[in-house]
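Secondary and tertiary structure notes
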Amino acid sequence: MGLGHEVASERSAVGLTDLVDIEKPGLHPIVLGIVKVVGKEFFNTEVRADISVVSEFGDRAHVTLEVTETKKEGKSSLLPSNAADILSSRPDDLPIGVKTMCAAFPFHVLFGRDFGIRQAGKGLLRLVGHRWKESKAQGRHLKFDDIFDITRPVIECTFESIRSYCNQVFVVQTKEGVLKSHSSKCPENDEDTENSSPKVLRLKGQMVSVEETDSIMFLCSPRVKNIDDMRCIGMFFSDMAIHDPARELFLRSHHHRGRA
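Looking at an unreviewed UniProt entry, the protein chain carries the name guanylate cyclase, with the source organism given as Rhipicephalus microplus.

Shown next as structure tokens:
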């Protein structure tokens, strides 16, 4: 059992404000010592950690820590360099077109504060593109929460809540009925709950706050166990990007299953 993990972090001129999710309430004093050791061992600096807020939720607790350096000479060792000093923040300066972006990241999705989907990868469009057409025919804008449910982390599905958890791994899945039916391609043991193939597309990745356009981009890849899963949701191996690690994991899994 792990002690806990960071769920959010904010930078300030003097240090960091971290929100930590702890599996057992009452263990948060231990985190103070861990933070000090990490500062010394990983950043070669002395830090002070103070608990400002403790919020308990059943068998879990959220602890807000104020972390500051006690021995600092010159620039802070905790805070990374400001990329804004050398990189443009203007979307017009991006040297990549939408078509190239959608091909390089075939399962990404970009949505605004109203959850309206502004951009999506070509792999995702091939699987759920019919939903865009249906929404357009109805005179409405397709929204992220029209087709996806967030299964991890367990949070309120709001724009600000998602953005505050951007340093966490997200897992989402399509809602029931979103994908076109491919029942004829599903295995015959589909009624066996334990071994059945999913009727949903599961995506795992990270949420990236796009402040330039007040949007959030979900950079992700599909999670499938075998060819039966892919057939059942109508997905092809070529839908995955060549650089996607899930592609190699899938091939290894298929190879081991073939040798078993």
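That covers the picture; the talk isn't over yet.
This brings us to the nonpolar core. Within the largest apolar cluster, 36 residues are counted, with the highest numbers of intra-cluster contacts made by Phe-144, Ile-162 and Met-207. When near neighbours in sequence (up to four residues on either side) are disregarded, Met-207 contacts Phe-111, Phe-144, Ile-162, Cys-166, Phe-170, Ile-216, Met-217 and Phe-218. Membership of the second largest hydrophobic core comes to seven residues, among which are Val-31, Ala-49, Val-63 and Val-67.

By the definition in use, this model includes nine salt bridges. A salt bridge links Asp-214 to Arg-113; the shortest N-O distance between them is 2.9 Å. Taken together, the residues Asp-214 in the loop between β9 (202-210) and β10 (215-222) and Arg-113 in the loop between β5 (109-112) and β6 (117-120) connect sequence positions 101 residues apart. Take Arg-113: its relative accessible area is 38%, and that puts it in the partly exposed class. Here Asp-146 makes a salt bridge to Arg-140, at a shortest N to O gap of 2.8 Å. For Asp-146, a relative accessible area of 28% corresponds to the partly exposed category. We classify Arg-140 as partly exposed; its relative accessible area is 38%. Via salt bridges that share partners, Arg-113, Glu-160, Arg-163 and Asp-214 belong to a single interconnected network.

In this structure, Pro-153 follows Arg-152 across a cis peptide bond, with omega equal to -5 degrees. For Pro-153, the position within the fold is in the loop between β7 (148-152) and α5 (159-164). The backbone of Phe-115 sits at a positive phi, close to 70 degrees, despite the residue not being glycine. Relative to the assigned elements, Phe-115 resides in the loop between β5 and β6.

The next thing to look at is the sheet that holds β6. The antiparallel open sheet is built from six strands, whose spatial order is β6-β5-β10-β9-β8-β7. Both outer strands of the open sheet, β6 and β7, are each paired with one neighbouring strand and no more. Recorded for the sheet is a direction-independent mean angle of 30 degrees between the axes of neighbouring strands. When β5 meets β6, the two strands line up antiparallel, connected through three bridges. Across the sheet, Val-109 pairs through a bridge with Ala-120, a residue of β6.

What follows deals with the environment of Arg-202. Considering the arrangement of structural elements, one finds Arg-202 in strand β9. C-alpha of Arg-202 to C-alpha of Pro-222: the two residues are 20 residues apart in sequence and 5.7 Å apart in space. Excluding its chain neighbours within four sequence positions, the residues that come into contact with Arg-202 are Val-172, Gln-173, Ser-221, Pro-222 and Arg-223. Among the polar contacts made by the side chain of Arg-202, one reaches the side chain of Gln-173 at a distance of 3.4 Å.

Summarising burial for β10: seven of the eight residues are buried, a large majority. Across four bridges, β5 lies against β10 in antiparallel orientation. By the bridge assignment for β10, Leu-110 is matched with Met-217. Here β9 pairs with β10 via eight bridges, running antiparallel. In the sheet register, Val-208 faces β10, and the bridge partner there is Met-217. Between β9 and β10, which pair antiparallel in sequence order, lie four residues; one of them, Asp-214, sits at a positive phi of approximately 50 degrees.

What counts, and at which threshold
Residues numbered from 1 in each chain as written. Predicted model: local features only at pLDDT ≥ 70, side-chain atom pairs only at ≥ 80, totals over all residues. Heavy atoms only, no water. Core = buried A, V, L, I, M, F, W, Y, C linked by side-chain atoms within 4.5 Å. Buried < 20%, exposed > 50% of the residue type's maximum accessible area, 1.4 Å probe, protein only. Contact = heavy atoms within 4.5 Å. Salt bridge = Lys/Arg side-chain N within 4 Å of Asp/Glu carboxyl O. Helix = DSSP H or I, 4+ residues; strand = E, 2+ residues; numbered from the N terminus. Pairing = 2+ DSSP bridges. Axes fitted to C-alpha atoms, helices over the stretch in contact; angles between N-to-C directions. Polar contact = N/O pair within 3.5 Å; in protein donor to acceptor, adjacent residues only side chain to side chain.

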